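Spelled out, the chains give:
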Amino acid sequence: MKQNEKKGAARHPEFAANCDMLFGLMPLAIMAVYLYGPRPAVMLALALVVAVCCDFLAAQMRGRAYDGSDNSSLYFAAAFVLLLPATASYTVVAVGAATAALLGKQLFGGAGCYPFHPTALAYAVVAVSWPDQVFFFPKPFADIGLWDLSGVAMAEPVIHTLRAGGVPNIPPLDLFLGNYAGPMGASFWLVILVVSFYLLLKRRISFELPLSFLASCALVSLCLPRMASANWLDLLKYDLLSGGLVFCAVFLLCEPCTAPKNRLARVLYGLLAGFLAMMFRYYGAYELGVCFALLLANAFSGWLDRLCVRLAAKRRAKQA
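Remember, it's a predicted structure, so these values are computed and weren't measured experimentally. (Residues numbered from 1 in each chain as written. Predicted model: local features only at pLDDT ≥ 70, side-chain atom pairs only at ≥ 80, totals over all residues. Heavy atoms only, no water.)

(A) Structural detail: the overall build of the chain. Of the regular secondary structure elements, the chain holds 16 helices and two strands. Summarising its shape, the C-alpha atoms of the chain cover approximately 55 × 55 × 35 Å along the three principal directions. Partitioning the contacts of the chain with sequence separation of at least 6, the portion at a separation of at least 24 is 76%. Within the structure as shown, the chain displays about 14700 Å² of accessible surface, and the carbon and sulfur contribution to it stands at 67%. Here the chain contributes 25 positive and 17 negative side-chain charges, whose respective centroids are spaced 13 Å apart. (Helix = DSSP H or I, 4+ residues; strand = E, 2+ residues; numbered from the N terminus. Contact = heavy atoms within 4.5 Å. Areas by Shrake-Rupley, 256 points an atom, 1.4 Å probe, with all protein chains shown as cover. Lys, Arg positive; Asp, Glu negative; His and termini not counted. Charge placed at Lys NZ, Arg CZ, Asp CG, Glu CD.)

(B) Representation of the packing of aromatic side chains. All chains considered together, the criterion is met by 10 aromatic pairs. The interplanar angle of 40 degrees and the centroid separation of 5.5 Å between the aromatic rings of Tyr75 and Phe76 together place this pair among those described as tilted. A relative accessible area of 2% places Tyr75 in the buried class. With 5.4 Å between their ring centres and 40 degrees between their planes, Phe176 and Trp189 make a pair best called tilted. Residue Phe176 is found in helix H9 (residues 172-177), and its partner Trp189 is found in helix H10 (residues 189-201); the two are separated by 13 residues along the sequence. One aromatic cluster is present, built from ring pairs that chain together Tyr75, Phe76 and Tyr114. Over the aromatic face of Tyr90 sits the side chain of Arg39, whose NZ or CZ is 4.4 Å from the ring centroid. (Phe/Tyr/Trp six-rings, centres within 6.5 Å; stacked < 30°, edge-to-face > 60°. Buried < 20%, exposed > 50% of the residue type's maximum accessible area, 1.4 Å probe, protein only. Lys NZ or Arg CZ within 6 Å of the ring centre and 35° of its normal.)

(C) Looking closely at the pattern of salt bridges. Tallied over the entire structure, the rule returns five salt bridges. Where Lys105 meets Asp55, a salt bridge forms, and the shortest distance between an N and an O atom there is 3.2 Å. Of this pair, Lys105 sits in helix H5 (residues 90-105) while Asp55 is found in helix H3 (residues 39-61), placing the two residues 50 residues apart along the sequence. Accessibility classification places Lys105 together with Asp55 in one group, the buried group. A salt bridge links Glu208 to Arg263; the nearest nitrogen and oxygen atoms lie 2.7 Å apart. Of the two residues, Glu208 sits in helix H11 (residues 208-223) while Arg263 sits in helix H14 (residues 263-283), which places them 55 residues apart along the sequence. Taken together, the shared-partner salt bridges connect Asp55, Asp70 and Lys105 into one network. (Salt bridge = Lys/Arg side-chain N within 4 Å of Asp/Glu carboxyl O.)

(D) Examining the state of the cysteines more closely. Here the structure, examined in full by the defined rule, presents zero disulfides. The thiol of Cys113 is unpaired, and the distance to the nearest cysteine sulfur, on Cys257, comes to 7.8 Å. Since its relative accessible area comes to 43%, Cys113 is described here as partly exposed. For the unlinked cysteine Cys254, the closest cysteine sulfur is that of Cys248, found at 11 Å. Cys254 sits in the buried class, given a relative accessible area of 6%. (Disulfide = S-S within 2.5 Å.)

(E) Local environment of unusual backbone geometry. If you check the backbone angles, Phe141 has positive phi at about 65 degrees while not being a glycine. Notably, Arg203 is not glycine yet its phi reads approximately 60 degrees, a positive angle. By secondary structure assignment, the location of Arg203 is in the loop between H10 and H11.

(F) Structural view of the packing of H11 against helix H12 (residues 232-241). The contact between H11 and H12 brings their axes to 10 Å, and the two run at 140 degrees. By crossing handedness, the relation of H11 to H12 is classed as right-handed. Every residue of H12 that contacts H11 at Leu214, Cys217, Ala218, Ser221 and Leu222 is listed here: Trp232, Leu235, Leu236, Asp239 and Leu240. Per-class residue counts for the contact of H11 with H12 are eight nonpolar, one polar and one charged. (Axes fitted to C-alpha atoms, helices over the stretch in contact; angles between N-to-C directions. Left-handed = near helix turned anticlockwise from the far one by under 90°. Nonpolar A, V, L, I, M, F, W, Y, C, P; charged D, E, K, R; others polar.)

Encoded structure:
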């Protein structure tokens, strides 16, 4: 096993990083199966198979041998599925996984060449195409069948309640553990926090990006409260811990191919992405707009890197 990992890492520098990110997603997938039954496992397996098939098809179309050590599509597909409700159809899962692998990655040249995060792109495509399946969620421990979903009661997301002028009533422990109607793998705040420490120790993510992103979201929530009469702490709690913000901050925002390389640029990038995410929440057509915000922030990644490099060069020139 270790020899295979070394061979994969030698052919693809991102191999080991993607393995660690996939390992970090495993506890979230286990929690999804615990809360919603076996269907999340089937959805995840389908997405992984579709991702591998798309990579194989792209290699054949280019006249190249399929490279099994390129595991980035597996990571993108797994992260995409965990952003969905457990009741999303298998068609949505397959289309999203294919979009991440083909349009998000292979269209731009393959691993390490994509300017936009493939997972965010896949989520945006299915959100626009099937909003009724993406933005309504079953309650935890609902009886969800593998095929028949006719008897499953659906609920609107927490953010929809905030936009409508109300304040959700979710016990703090349930909110921290993800025990409420939401994305099947992106609402387990405490689990994501533990996983983020593991990824930080492995140096797969940098602390500047998640912290600046969540700080920007918190600043917007405090400075532009949805309701002046509501408790600001309750609004901040629901704004930050619902809708997949923390999940995206750890697993999507820190993607090395789409995030800036310069440390100052990373901070600015996180602040920009957090501001855009809250603007999409406040004024966008979709409540869960963090993936749309991430795609828009991706367009500024290279420019922020160049800007910070020029500023550092000018500062050194003045000191000289």
